[in-house]
Amino acid sequence: ASGTASDLKDTLEGIEGVGEVSVSFSETAGKICQGSPTNIVGVTFLENYGVLPPVVPESSDIDVTSEITVGTGSANSVLYDDTLNSYTATHGTKEEDVCSGRGRCDDLRGTCACYNGQYAGSDGASGAGRRPDCGHVVAVPLECPGTIPCGGRGSCDLVTFRCT
């Protein structure tokens, strides 16, 4: 209950499948679960965009004056601090297409064979990186990927050149 943003970040990143997260507090010197002033805790998942474990507070170590509300990105997920600043929860804004729709998945290895050398692994934000997801554009595509468009496993969007 008296943990810092860094403590929460370390705990979340220690959960298998979560990957890297960013944690922010509305109260600069705030603690995870403090009674007053209200501290809004923001968590952004930076690596894994699929279904993640739910964030559920554990009640055994919570300050008795605390109130916990978990915003999930639904229409009613606007939270307010003591000075009525609003904080809106956002439900996922990242795609989760297999191989970013730009390659074929090798299910045994859990990697992607990217189409035509136009795509490569990314950092999860379209830059070059180590994620085997074909999320980084190496060369601007001028046509649909593959000798047979999309390897015959879908259709190609002629604007984005992504396979669906």
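Report on the accompanying structure. These numbers come from a predicted model, not from an experiment. Residue positions within a chain follow its written sequence, with the count starting from 1. Where totals are concerned, whole chains, interfaces and linings use all residues; where local detail is concerned, this predicted model gives features only for residues with pLDDT of at least 70, and gives and counts side-chain atom pairs only at 80 or more. Computation of side-chain values: all heavy atoms of the structure, hydrogens and water removed.

Helix numbering and strand numbering both begin at the N terminus, where a helix is a DSSP run of H or I of at least 4 residues and a strand a DSSP run of E of at least 2. Across its full length, the protein holds one helix and eight strands. What you see in the protein, going N to C, is helices and strands ordered as α-β-β-β-β-β-β-β-β. Remark: exposure states derive from per-residue accessible area (1.4 Å probe, protein chains only) relative to the maximum for the residue type, with buried under 20%, exposed over 50%, and partly exposed in between. Per-residue burial over the protein gives 23% buried out of 164 residues. Partitioning the contacts of the protein with sequence separation of at least 6, the portion at a separation of at least 24 is 37%. In this analysis, two residues are considered to be in contact whenever any of their non-hydrogen atoms come within 4.5 Å of each other.

Burial of strand β1 (residues 21–25) is one-sided: the residues Val-21, Val-23 and Phe-25 facing one way are buried, the residues Ser-22 and Ser-24 facing the other way are not. At least two bridges found by DSSP between two strands are what make those strands a pair. Judged from the five bridges that link them, β1 and strand β2 (residues 41–45) form a sheet pairing that is antiparallel. Residue pairing across strands places Val-23 opposite Val-43, the latter belonging to β2.

A few words now on unusual backbone geometry. Residues other than glycine seldom take positive phi values, yet Cys-99 does so here, at roughly 55°. Tracing the backbone through its elements, the reader meets Cys-99 in the loop between β4 (86–88) and β5 (103–106). In the Ramachandran plot, Ser-100 falls in the positive-phi region, its phi being about 55° despite a non-glycine side chain. By the element assignment, Ser-100 lies in the loop between β4 and β5. On the basis of relative accessibility, which here comes to 8%, the residue Ser-100 falls in the buried class.

Moving on, we come to the pattern of salt bridges. Basic side-chain nitrogens of Lys or Arg form a salt bridge, by our definition, when they fall within 4 Å of a carboxyl oxygen of Asp or Glu. Counted under the stated rule, the structure contains three salt bridges. With its nearest N and O atoms 2.6 Å apart, the salt bridge here joins Glu-13 to Lys-9. Note that Glu-13 and Lys-9 are positioned in helix α1 (residues 5–13) at a spacing of four residues, about one turn of the helix. Residue classification places Lys-9 among the partly exposed residues on the basis of a relative accessible area of 25%. The salt bridge involving Arg-109 is made with Asp-106; its shortest N-O contact spans 3.3 Å. On the basis of relative accessibility, which here comes to 24%, the residue Asp-106 falls in the partly exposed class.

In a soluble, globular protein the nonpolar side chains are often hidden away together inside. Residues belong to one nonpolar core when they are buried, are Ala, Val, Leu, Ile, Met, Phe, Trp, Tyr or Cys, and are joined through side-chain atoms within 4.5 Å. Judged by nonpolar contacts, Cys-99, Tyr-115, Tyr-119, Cys-134, Cys-144, Cys-150, Cys-156, Phe-161 and Cys-163 together constitute the single largest core of nine residues. Of all hydrophobic cores here, the second largest spans six residues; its members include Leu-12, Val-18, Val-23 and Phe-25.

Relative to the helices and strands, Ala-139 resides in the segment after β8 (131–137). The exposure class assigned to Ala-139 is partly exposed, which follows from its relative accessible area of 34%. Linking Ala-139 and Tyr-119, residues 20 residues apart in sequence, is a C-alpha distance of 7.1 Å.

In this description, the term disulfide denotes a pair of cysteine sulfurs within 2.5 Å. The final tally for this structure, using the stated rule, is two disulfides. The disulfide partner of Cys-99 is Cys-112, and the S-S distance across this bridge is 2.1 Å. Residues Cys-99 and Cys-112 are joined through a disulfide that is left-handed, its torsion about the S-S bond being -95°. With Cys-99 in the loop between β4 and β5 and Cys-112 in strand β6 (residues 111–114), this pair connects stretches of sequence that are 13 residues apart.

Note on patches: the residues involved have over 30% relative accessible area and no salt bridge, like charges join within 9 Å, and the nonpolar side chains Val, Leu, Ile, Met, Phe, Trp and Tyr join within 5 Å. Using the Shrake-Rupley algorithm and a 1.4 Å probe, accessible areas are obtained, with residue cover drawn only from the displayed protein chains. Together, Val-78, Tyr-80 and Leu-84 make up an exposed nonpolar region whose accessible area comes to about 320 Å². Mapped onto the elements of the fold, Val-78 is located in strand β3 (residues 78–80). Given the relative accessible area of 32%, Val-78 is considered partly exposed.

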